[in-house]
Every structure is written in structure tokens, then in C-alpha cells.
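# Residue-level structure breakdown
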Amino acid sequence: MSPDPALPTIPEGLRGVAHEPGVAKPDPILVVDGLRRSFGGVTAVDVEHLEIPRGLITGLIGPNGAGKTTLFNLLTGFDTPDEGDWTFDGTSAVGTSAYRVARAGMVRTFQLTKALSRMTVLENLMLGASGQHGERMRTALLPWRWRAQEQEVLERAEELLVRFRLDHMRDQYAGTLSGGQRKLLEMARALMVEPSLVMLDEPMAGVNPALTQSLLGHVKDLRDVEGRSVVFVEHDMDVVFDISDWVVCLAQGRVIAEGPPSAIGADPAVVDAYLGATHDHRALREERRRRREESGA
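A quick note: this is a predicted structure, and the numbers were derived from the prediction, not measured.

### Remarks on the packing of helix H6 (residues 179-190) against helix H7 (residues 209-224)
When two helices pack together, their arrangement is captured by the angle between the axes and the distance separating the axes. As a packed pair, H6 and H7 sit with axes 10 Å apart at the nearest point and diverge in direction by 10°. Relative to H7, the element H6 is oriented roughly parallel. In this structure, H6 contributes Gly180, Gln181, Lys183, Leu184 and Met187 to the contact, and H7 contributes Leu211, Ser214, Leu215, His218 and Val219. Residue composition of the contact of H6 with H7, by class: five nonpolar, four polar and one charged.

### Details of empty space enclosed by the protein
Counted under the stated rule, the structure contains three cavities of 30 Å³ or more. Lining the largest cavity are Leu30, Leu50, Ile52, Thr58, Leu60, Leu71, Phe72, Leu75, Met199, Val231 and Val248. Looking at the lining of the largest cavity, the elements that each hand over two or more residues are strand E2 (42-53), strand E3 (57-61) and helix H1 (68-75). If you tally residues by element for the lining of the largest cavity, the top one is H1, at three residues. Looking at the lining of the largest cavity residue by residue, the classes come out as 10 nonpolar, one polar and no charged.

### Looking at the pairing of strand E10 (residues 254-259)
As defined by bridge partners, strand E9 (residues 246-251) adjoins E10 across five bridges and the pair is classed as antiparallel. Counted as the bridge partner of Leu250 is Val255 from E10. Hairpin connection from E9 to E10: two residues lie between these consecutive antiparallel strands, with Gln252 at a positive phi of about 55°.

### A short note on the sheet that holds E2
With antiparallel pairing, the four strands of this open sheet are ordered in space as E2-E1-E4-E5. Two strands in the sheet have a free side with no partner beyond their single neighbour: E2 and strand E5 (91-92). Here five bridges tie strand E1 (residues 28-39) to strand E4 (residues 83-88), and the two strands are oriented antiparallel to one another. Across the sheet, residue Leu30 finds its bridge partner in E4, namely Phe88. Across the sheet, H1 lies against E1, E2 and E4, angled at about 115° from E1, the strand it touches most.

The rules we used
- Residues numbered from 1 in each chain as written.
- Predicted model: local features only at pLDDT ≥ 70, side-chain atom pairs only at ≥ 80, totals over all residues.
- Heavy atoms only, no water.
- Axes fitted to C-alpha atoms, helices over the stretch in contact; angles between N-to-C directions.
- Helix = DSSP H or I, 4+ residues; strand = E, 2+ residues; numbered from the N terminus.
- Parallel < 35°, antiparallel > 145°, perpendicular 65-115°, else oblique.
- Contact = heavy atoms within 4.5 Å.
- Nonpolar A, V, L, I, M, F, W, Y, C, P; charged D, E, K, R; others polar.
- 1 Å grid on protein atoms, 1.4 Å probe; cavity = no way out; pocket = protein on both sides within 12 Å on 5 of 7 lines; lining within 4 Å.
- Points joined across faces, edges and corners; volume = space filled by probe spheres on them.
- Pairing = 2+ DSSP bridges.

Following this line, the structure appears as C-alpha cells:
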């Protein structure tokens, strides 16, 4: 498959970086070594070495069952590996609980949104802020200790509601939101801790084409406007090729390919992982076209 001229150019920091699994990056924010996780004898994740570049968007792709979500769970403290090590921003994150990982600046969203349906949209956002003094037993009864902080949290939440175009639903229960609006809410809530690395697990899944474009814009803004690092799991190759600076492909828990979108789109290992060795490169383009038509894009 020939490179698409519309694909983004390689960022300056990644020029000259080899297009091979486990390649070192100039300034990685996340580094993984020897990470393995098995379930009942089946190896879900087996990553020898992986580096996530800082300040860029990394797409994580692979067929169903490749281990993408399991990798997210391990790195963010929602699961425990059998072995392995990883550092976030130069500090080991092994054995760190999920809430401490988030406080350190690495947050994630989920395939299935986890909004608190009996709380309002605004309350869902405010709960996302970490280190709130009013939530501690010793200071909860001393309102002068937390009122100023709570006002700051409220202002931050209000700003995000406007940014994600959810301000008109501010006081509605989160359970009344559509699937796409819940995706927006979850992304906004993740930003309440002002993270340096945002990990999005299939943020476009189940979202209508119009809202997909809005979500894509928000993901790009994380990089372009706020300078945050992003890793996202996605099955739609057009989305991946549109916004990714770098792409990592998993298959059977292993990293089988890395590189810019133009290189990944033409990598035989990636085509084989998705479609089987009997297909040629044109089959991947046909698969992408079919998925666009099915989604109505």
C-alpha cells in the first residue's frame, strides 16, 4: 500500500528514529521493559521494550485480543503484571495503585465509559480533581480550609464543560447522556487532574461520525494546544493515520511494528496481523474503506 499524501509528516523529534519494534526515542515519557501478563496459560502481554514519545500522539493498534487494553490496565495500576518494569517520567511506576498513577499525571479512559449516572455532569467532573481537602476526614468539618480550593475545582470544571460543549447539560444526570457525550465527559474528567500523559481506550467506539470529528479535535488539542502526551487505542485506521505522530502495533501481546503512520500502513507484518498472510497490502485499504461505509462517514 503506497503512503497516503494526506498522512501527517514525521515530527522533528522522531526523524531519524528507526521504524522497528522497541526502538529508543529521544525523550520518552513512558518506558516499558520486560512486561508480561498471562491469564490461564494464555499470554496477553509480552512487551520486551517500548518507549512512548513525549508531547506527541501515539496510536496503539492491533487485532482484537492483541493485548492493548491489558497493557493499559497494567501501566495505569488497574492490573498487576507477572513480571516487568516501567517508568513514567523517569520514575518507576511498578506496584503503584491506580489513583497514585493518576495523581502522578498519567490518566486513562475506558472502552466502556464509567460515568456516575446518578450524579450531575458537573459533579462527575469535580470528582475527577485530585487532592481535594474537603474529602479528608480531618478537614471536612473545617470549610475555611477547603472552600477556596473547591472554588478553583468548580472553575476548572466549568471551563472544561464549555470546551467539550457539555455546559448546556451541566446540571443533568450523567446517566441521561448519549454514548458519545459520555465519551466527552470521560475525557474532560481525565483532564481535571491536569495530566502530562493521557491514555484513551477506544475513544471513538460507538460514536456517530459527527461527534467523532469533535473528539478528534479534542485529542489533537491535547497535543497542539496543551502540549500533553497521548496514547490511544483505535481500530479505525483512518482515525489512526489522521492524528497519530507514531504508531505501535501489537499482536498476540507483542510489539510487532513501530513507526510513523506512512510506514505502518505499508508494513507487511501489520497487514498480516489484521488480515492474514494471504492478503496483499491493498486489502488493508479495502478494509478501511468498508469500515468507513459501515459507520456512515
